[in-house]
Amino acid sequence: MNLVTTRTITAALTNDREGVVCDLDSLARSGSKIWNVARWTADRIWDETGDIPDEGPLKSYMKNQPCWKDLNAQSSQAIVEELAGAFQSWFEQDNPNANPPGYRKHGEERPRSTITFKEDGFKLDTKHQQVRLSKGQNLKDGWSDFILCEYDTGPDADLTAVEDVQQVRIVWDGEQWELHFVCKVAIDTADSTGEKTAGVDLGICNTAAVSVGDETLLYPGNALKEDAHYFRQEEYDTEGENGPSAHAEWARRKKSRRQTHYLHALSKDIVEQCADRGVETIAVGHPKNIREDEDWGRHGNKRLHDWAFETVLSHIEYKAEERGIEVERVDEYELATSITCCACGVKADSNRVERGLYVCENCELVANSDLNAAENMRATVTPNPAEDRSNGCLAQPSVRLFDKSTGRVAPQEQVCP
């Protein structure tokens, strides 16, 4: 079965000479200027009308501003669209402690913004691994109206094999420039021939717990927790009176990249383990009471986990689709999966005697509490649950850890301490 899906392929800039880097810096700082002018405009309209303007009125106003022509028209539009989306996301949170999108400014200096080039803003040559990026009218120097970037996607990706490159983004990672190619990719998915089902519970101490009935897997969140603690301290220690310092911004970008890689590695391993066991359907629950868990601190929980669960879910969904595995989202709160015994069905808060341990007073099941929840989710798509739901695998799972030395998930015994 053929599947066409969207992927982002990251490439290194190989001709990072002074002229090319300066040109990219110029575009990126112009992008921040466009953002700031649009943000100021939104603020004035907000003060006058009480409403935040959407992208349509903002674009109409910005087209008359001199900075608009610093970039290709579609690139300038993408920045306004991003700002409008940020306002919308902030509004939908309905959280009095959340802040609206701010200005992109470090003292008197504008940081490097990510710039998006759509179909008329780039020309790709996959044979020679080059891409031409358009400059805005204001930044053209007469003889050159584009920046020629040479790239390397590495051994695991090849742009010559993609269906279509829709966008190119230049991204400053805090130390160097990267090129991100947003592509349509054709994938030959294997039809799933398995008949098993799996349940996946997402959490804090354990990022994921997986039950396949006769086997269980546990993914502790140690690596994610360590990064959150370390980089949060780096941010707080370098926060200045005028906002985040350059080091604090670096720490945030670094943390984000590491978390993104971790969640990709985690979801990839979960799907691969399910595929290897002949799983046809995965039931995944979304934690509904995350704000009630204070183990890592209220701010730490919110900053790390409110976004991470949805990210893991989406990663599992598209990776499973490529394997021909169906994913069903389970309403975890409605089913009370965390307090329901997966063996006898009795619901009792008292069965969770302590963090990580579930003991049923009715049938005397002893299990890891996250695996008990995962097994309950598996039962939502299993017409005839296995009779081995009370076996020892619910108390003694196979543990899989993120190996920082390889950037992959592996069995606990194979991961270097």
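Residues numbered from 1 in each chain as written. Predicted model: local features only at pLDDT ≥ 70, side-chain atom pairs only at ≥ 80, totals over all residues. Heavy atoms only, no water.

- Going by the annotation in an unreviewed UniProt entry, the name recorded for the protein chain is Transposable element, with Halapricum desulfuricans given as the source organism.
- The protein chain has a UniProt comment under Sequence similarities (unreviewed entry) that states "In the C-terminal section; belongs to the transposase 35 family." (UniProt positions renumbered as here; feature names shortened; annotations may be inferred.)

Quick look at the overall build of the protein chain
Okay, step 1: In terms of regular secondary structure, the protein chain is built from 8 helices and 18 strands.
Okay, step 2: In the protein chain, buried positions account for 46% of the 417 residues.
Okay, step 3: Within the protein chain, counting contacts between residues at least 6 apart in sequence, those at least 24 apart form 65% of the total.
Okay, step 4: If you sum the accessible surface of the protein chain, you get close to 21,600 Å²; carbon and sulfur atoms cover 45% of it. (Helix = DSSP H or I, 4+ residues; strand = E, 2+ residues; numbered from the N terminus. Buried < 20%, exposed > 50% of the residue type's maximum accessible area, 1.4 Å probe, protein only. Contact = heavy atoms within 4.5 Å. Areas by Shrake-Rupley, 256 points an atom, 1.4 Å probe, with all protein chains shown as cover.)

Here we look at the packing of aromatic side chains
For any two aromatic rings, the description comes down to two numbers: the centre-to-centre distance and the angle of the planes.
Okay, step 1: Counted by the stated rule, this structure contains 6 aromatic pairs.
Okay, step 2: Ring centres of tyrosine 262 and phenylalanine 402 lie 5.4 Å apart, and the angle between their planes is 70°; this geometry places the pair in the edge-to-face category. Taken as a pair, tyrosine 262 in helix α5 (residues 246-276) and phenylalanine 402 in strand β17 (residues 398-403) lie far apart in primary sequence, 140 residues in all.
Okay, step 3: In textbook terms, an aromatic cluster arises when at least three aromatic residues are bridged by ring pairs, as seen for Trp46, Phe87 and Trp90.
Okay, step 4: If you follow arginine 39 out to its NZ or CZ, it ends over the ring of tyrosine 103, 5.4 Å from the centre. (Phe/Tyr/Trp six-rings, centres within 6.5 Å; stacked < 30°, edge-to-face > 60°. Lys NZ or Arg CZ within 6 Å of the ring centre and 35° of its normal.)

A short note on the nonpolar core
Okay, step 1: Counting residues in hydrophobic clusters, the biggest one holds 41 residues, and the most contacted among them are Leu24, Val131, Leu133, Cys149, Ile170, Leu179 and Phe181.
Okay, step 2: A total of 8 residues in this core trace back to one element, the largest contributor, which is helix α1 (residues 18-49).
Okay, step 3: The residues contacting cysteine 149, other than those within four sequence positions of it, are Leu13, Asn15, Val20, Leu24, Gln129, Gln130, Val131, Leu133 and Leu179.
Okay, step 4: Core analysis: the second largest hydrophobic core is formed by 29 residues, Ala198, Ala223, Val271 and Val327 among them. (Core = buried A, V, L, I, M, F, W, Y, C linked by side-chain atoms within 4.5 Å.)

As for the pairing of strand β4 (residues 130-134)
Okay, step 1: Bridge count for strand β3 (residues 122-125) against β4 is 4 bridges, and the pairing is antiparallel. Across the sheet, residue lysine 123 finds its bridge partner in β4, namely arginine 132.
Okay, step 2: Pairing between β4 and strand β5 (residues 146-152): 5 bridges, direction antiparallel. Across the sheet, serine 134 pairs through a bridge with phenylalanine 146, a residue of β5. (Pairing = 2+ DSSP bridges.)

Structural notes on the packing of α1 against helix α2 (residues 55-62)
Okay, step 1: Orientation of α1 relative to α2, taken along the N-to-C sense of each, is 115°, at an axis distance of 10 Å. In terms of crossing hand, the pair formed by α1 and α2 is right-handed. Mapping the contact onto sequence places Ile34, Val37, Ala38, Trp40, Thr41 and Ala42 in α1 and Leu58, Tyr61 and Met62 in α2.
Okay, step 2: Considered class by class, the residues forming the contact of α1 with α2 number 8 nonpolar, 1 polar and no charged. (Axes fitted to C-alpha atoms, helices over the stretch in contact; angles between N-to-C directions. Left-handed = near helix turned anticlockwise from the far one by under 90°. Nonpolar A, V, L, I, M, F, W, Y, C, P; charged D, E, K, R; others polar.)

Considerations on the side chain of arginine 400
Okay, step 1: Tracing the sequence through the fold places arginine 400 in strand β17.
Okay, step 2: Judged by its relative accessible area of 12%, arginine 400 is buried.
Okay, step 3: A polar atom in the side chain of arginine 400 sits 2.6 Å from the side chain of aspartate 269.
Okay, step 4: Leave out the neighbours within four places in its chain, and arginine 400 touches Leu217, Leu218, Tyr219, Pro220, Asp269, Gln273, Val409, Ala410, Pro411 and Gln412. (Polar contact = N/O pair within 3.5 Å; in protein donor to acceptor, adjacent residues only side chain to side chain.)

Quick word on the side chain of threonine 153
Okay, step 1: You can see threonine 153 is positioned in the loop between β5 and β6 (164-172).
Okay, step 2: What makes threonine 153 buried here is its relative accessible area of 12%.
Okay, step 3: The residues contacting threonine 153, other than those within four sequence positions of it, are Ile9, Thr10, Ala11, Gln129, Asp158 and Leu159.

Remarks on a nonpolar patch on the surface
Okay, step 1: On the surface, Trp40, Tyr61 and Tyr103 cluster together to form a nonpolar patch covering roughly 320 Å² of accessible area.
Okay, step 2: The class of tryptophan 40 is partly exposed, set by a relative accessible area of 43%. (Patch = residues over 30% accessible without salt bridge, like charges linked within 9 Å, V, L, I, M, F, W, Y side chains within 5 Å. Salt bridge = Lys/Arg side-chain N within 4 Å of Asp/Glu carboxyl O.)

Describing α1
Within an α-helix, residues lying three or four positions from one another point in the same direction, as the helix has 3.6 residues per turn.
Okay, step 1: Across its 32 residues, α1 extends 46 Å between first and last C-alpha, which sits within 8% of the 46 Å expected from 1.5 Å per residue.
Okay, step 2: Downstream of α1 by a residue or two, glycine 50 has a phi angle that is positive, lying close to 85°. (Expected span 1.5 Å × (residues − 1).)

Notes on the sheet that holds β17
Paired through their backbone hydrogen bonds, the strands of a sheet run either parallel or antiparallel.
Okay, step 1: Spatially, 7 strands are ordered β14-β13-β8-β9-β10-β17-β18 in an open sheet, and the strand pairing comes out mixed. Only two strands of the sheet have a single partner each, and these edge strands are β14 (326-330) and β18 (408-411). Direction aside, the axes of adjacent strands within the sheet are offset by 25° on average.
Okay, step 2: Judged from the 4 bridges that link them, β17 and β18 form a sheet pairing that is antiparallel. Residue pairing across strands places leucine 401 opposite alanine 410, the latter belonging to β18.

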